[in-house]
Amino acid sequence: MDVTARLGLAATTVVLATWPRLHGDWTAVVHPTLFEVAGLHAALAIAIDALNLANRLAGD
């Protein structure tokens, strides 16, 4: 089975990884990428909050 990890964004979908021809229990192969995506999400959320704060402070 071919497995692809995608990240859906507002404007597009980004392919994060593709694992062709996986057999059997492939969760050990895919799990690290899902963990990385969770970290990426957290980092983007912090960056968005920081940009929003900077914009608010610059507007004063």
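The structure we're discussing is the one just above.
Now for a look at the structure at hand. (Residues numbered from 1 in each chain as written. Predicted model: local features only at pLDDT ≥ 70, side-chain atom pairs only at ≥ 80, totals over all residues. Heavy atoms only, no water.)

**What about the overall build of the protein chain?**
Secondary structure assignment for the protein chain yields one helix and two strands. In the protein chain, the succession of α and β elements from N to C terminus is β-β-α. Radius of gyration (C-alpha) of the protein chain: 17 Å, far over the 10 Å computed for a compact globule of 60 residues. Seen through its principal axes, the protein chain has C-alpha atoms that stretch 60 × 20 × 10 Å. (Helix = DSSP H or I, 4+ residues; strand = E, 2+ residues; numbered from the N terminus. Rg over C-alpha atoms; globule rule 2.2 N^0.38 Å.)

**Details of the nonpolar core**
Where a protein is soluble and globular, its nonpolar side chains tend to be buried together. Listed in full, the six residues of the largest apolar core are Val3, Ala5, Ala17, Trp19, Leu22 and Val30. Taken together, the elements giving at least two residues each to this core come down to β1 (3–8) and β2 (13–19). (Core = buried A, V, L, I, M, F, W, Y, C linked by side-chain atoms within 4.5 Å. Buried < 20%, exposed > 50% of the residue type's maximum accessible area, 1.4 Å probe, protein only.)

**Thoughts on the environment of alanine 5**
Note on placement: alanine 5 falls in strand β1. The sequence separation of alanine 5 and leucine 51 amounts to 46 residues, and the corresponding C-alpha distance is 28 Å. Residue contacts for alanine 5: discarding those within four places in its chain leaves Val14, Val15, Leu16, Ala17, Trp19 and Thr33. (Contact = heavy atoms within 4.5 Å.)

**Section: unusual backbone geometry**
Of note in the backbone geometry, arginine 21 takes a positive phi value of approximately 55 degrees without being a glycine. Secondary-structure assignment places arginine 21 in the loop between β2 and α1 (27–59).

**Focus on the pairing of β1**
Along any regular strand, the residues point their side chains to alternate faces of the sheet. Pairing geometry for β1 and β2, over six bridges, is antiparallel. Residue pairing across strands places glycine 8 opposite threonine 13, the latter belonging to β2. Adjacent in sequence and paired antiparallel, β1 and β2 are bridged by four residues. (Pairing = 2+ DSSP bridges.)

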